[in-house]
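Understanding the architecture of this molecule
Residue strings, one per chain:
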Amino acid sequence: MSEYKNIIVEKKSFTGIITIDREEVYGALSKEAKLEIIQAIRTLNRDDEVGCLILASKGKGFCTGQDLNDRTVQAGEKPVDLGVTLETEWNPLVNAISNSKKLVIAAIEGVVAGAGVSVALACDLVIAKPGIKFVSGFSKLGLCPDAGSTFTFTRALGQKKAMEFFLFNQPLLSEEMERAGLINKVSEEVFEDAKKWADQINAMAPLSLKAIKENIKVATDSTFQESMDRETSYQRFLGNSEDYKEGLNAFFEKRQAKFLGK
């Protein structure tokens, strides 16, 4: 899987690993890099030998947003349309992660900035090293936060703290992000812990994982009753699955279940 120029894609123990390989620009993404990540996610989603994904990066930056050397965002004689950049590059990337059929774990060992924050938080589970900085940076460029970060941070921090974060660009550290519920875990052994979670997820029932992911995502925008109705519908479906029968049998037989996604 070496056809990519900006990322490294591997398969290890039923886990697809996408590593951003742009160390020289601290993980900043060009148009080409974004499209490669999208392609890799779609390819791994179709791979029956992959249970879940890990998104990582080389170097001191996990993802620092837009590569400002990319011509698609440079203002020349005519003003650049950053809306097009969002519609064709950043939003599809964030949505590819968020809508991935297979769970995505972010293993963060370097600074996260700009739209890179949206990339990280689009992942289903996020583990970061202690003291990693998460910073907006948009107001310094005369821009506003994008790629879904306004929604995510306002929901997590409230209006006042989200406003402070986006206006003054003071970084939030891993520990603060964890307390706010924006990431799951702070660890010195980021990739090892991500792999442990991946191994646990890979042993779970695929249909159940799909239902849990979709229901949590939709619950953010749903009323309590809508969420209950969706849970009921999914539970009815899952209760008729072969995986549920296997789960029950394994429970009573005191053994590890072997789920097949049926």
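Above this text you will find the structure in question.
Residues numbered from 1 in each chain as written. Predicted model: local features only at pLDDT ≥ 70, side-chain atom pairs only at ≥ 80, totals over all residues. Heavy atoms only, no water.

**Observations regarding the overall build of the protein chain**
- Along the backbone of the protein chain there are 10 helices and 10 strands.
- Once the C-alpha set of the protein chain is aligned to its principal axes, its extents read approximately 70 × 45 × 35 Å.
- Within the protein chain, buried positions represent 45% of all 262 residues.
- In the protein chain, the proportion of contacts linking residues at least 24 apart, taken out of those at least 6 apart, comes to 69%.
- Of the accessible surface of the protein chain, which amounts to about 14,500 Å², a share of 54% is contributed by carbon and sulfur atoms.
- Of note, the protein chain has its 34 positive side-chain charges centred 2 Å away from the centre of its 37 negative side-chain charges. (Helix = DSSP H or I, 4+ residues; strand = E, 2+ residues; numbered from the N terminus. Buried < 20%, exposed > 50% of the residue type's maximum accessible area, 1.4 Å probe, protein only. Contact = heavy atoms within 4.5 Å. Areas by Shrake-Rupley, 256 points an atom, 1.4 Å probe, with all protein chains shown as cover. Lys, Arg positive; Asp, Glu negative; His and termini not counted. Charge placed at Lys NZ, Arg CZ, Asp CG, Glu CD.)

**What to know about the nonpolar core**
- In terms of nonpolar packing, the biggest core is built from 47 residues, with L55, W90, I97, I108 and F153 touching the most fellow members.
- Setting aside chain neighbours within four positions, we find L55 in contact with I18, I20, F62, I97, V104, I105, A106, A107, V119 and C123.
- In this structure, A56, L103, I105 and A194 belong to the second largest nonpolar core, which totals 14 residues. (Core = buried A, V, L, I, M, F, W, Y, C linked by side-chain atoms within 4.5 Å.)

**As for the pairing of strand β1 (residues 7–12)**
- Judged from the 6 bridges that link them, β1 and strand β2 (residues 15–20) form a sheet pairing that is antiparallel. For K11, the partnering residue across the bridge sits in β2 and is G16.
- Connecting the antiparallel pair β1 and β2 is a turn made up of 2 residues, with S13 showing a positive phi of about 50°. (Pairing = 2+ DSSP bridges.)

**What about the pattern of salt bridges?**
- Tallied over the full model, the rule gives 16 salt bridges.
- Residues K11 and E49 are paired through a salt bridge, measuring 3.5 Å at the closest nitrogen-oxygen approach. Placement of the pair is K11 in strand β1 and E49 in the loop between α1 (31–45) and β3 (52–57), with a sequence separation of 38 residues.
- The class of K11 is partly exposed, set by a relative accessible area of 38%.
- With a shortest N-O distance of 3.9 Å, E109 and K129 are connected by a salt bridge. Of this pair, E109 sits in the loop between β5 (104–108) and β6 (111–113) while K129 sits in the loop between β7 (125–128) and β8 (133–135), and the two are 20 residues apart along the sequence.
- On the accessibility criterion, K129 (27% relative accessible area) is partly exposed. (Salt bridge = Lys/Arg side-chain N within 4 Å of Asp/Glu carboxyl O.)

**Let's talk about the sheet that holds strand β4 (residues 61–63)**
- In space, the 4 strands of this open sheet follow the order β4-β6-β8-β9, with mixed pairing throughout. The sheet is open, and its two borders are formed by β4 and β9 (172–173), each paired with just one other strand.
- With respect to the sheet, helix α3 (residues 115–122) is in contact with β4, β6 and β8, its orientation differing from that of β6 by roughly 110°. (Axes fitted to C-alpha atoms, helices over the stretch in contact; angles between N-to-C directions.)

**Some thoughts on α3**
- α3 sits mainly inside the fold: 8 of its 8 residues count as buried.
- Among all positions of α3, only A115, G116, V117, S118, V119, A120, L121 and A122 are buried.

**What about helix α2 (residues 82–98)?**
- The largest bend in α2 comes to about 35°, at N91, with the proline P92 one to four residues further on.
- For α2, every residue scored as buried is listed here: T85, L86, E89, W90, L93, V94, A96, I97 and S98.
- Against α1, β3, β4, β5, α3 and α8 (206–219) lie the buried residues of α2. (Bend = angle between axes of the 7 residues up to and from the residue.)

**Observations regarding the environment of I17**
- Note that I17 resides in strand β2.
- Separated by 237 residues in the primary sequence, I17 and K254 place their C-alpha atoms 32 Å from one another.
- Not counting the four nearest positions on each side in its chain, I17 is found in contact with I8, V9, E10, K12, I54 and F191.

**Focus: the packing of aromatic side chains**
- Inspection of every chain in the model, using the stated rule, returns 3 aromatic pairs.
- Taken together, F153, F165 and F166 form an aromatic cluster joined through their ring pairs. (Phe/Tyr/Trp six-rings, centres within 6.5 Å; stacked < 30°, edge-to-face > 60°.)

**Brief notes about the state of the cysteines**
- Under the counting rule described, the total for this entry stands at 0 disulfides.
- Between C123, a free cysteine, and C63, which holds the nearest cysteine sulfur, the sulfur-to-sulfur gap is 10 Å.
- C123 gets classed as buried once you look at its relative accessible area, which sits at 6%. (Disulfide = S-S within 2.5 Å.)

**Digging into the side chain of N45**
- Among the secondary structure elements, N45 is positioned in helix α1.
- Since its relative accessible area comes to 16%, N45 is described here as buried.
- Reaching out from N45, the side chain makes a polar contact with the backbone nitrogen of K102 at a distance of 3.1 Å.
- Ignoring anything within four residues of it in the chain, the contact list for N45 reads L53, S100, K101 and K102. (Polar contact = N/O pair within 3.5 Å; in protein donor to acceptor, adjacent residues only side chain to side chain.)

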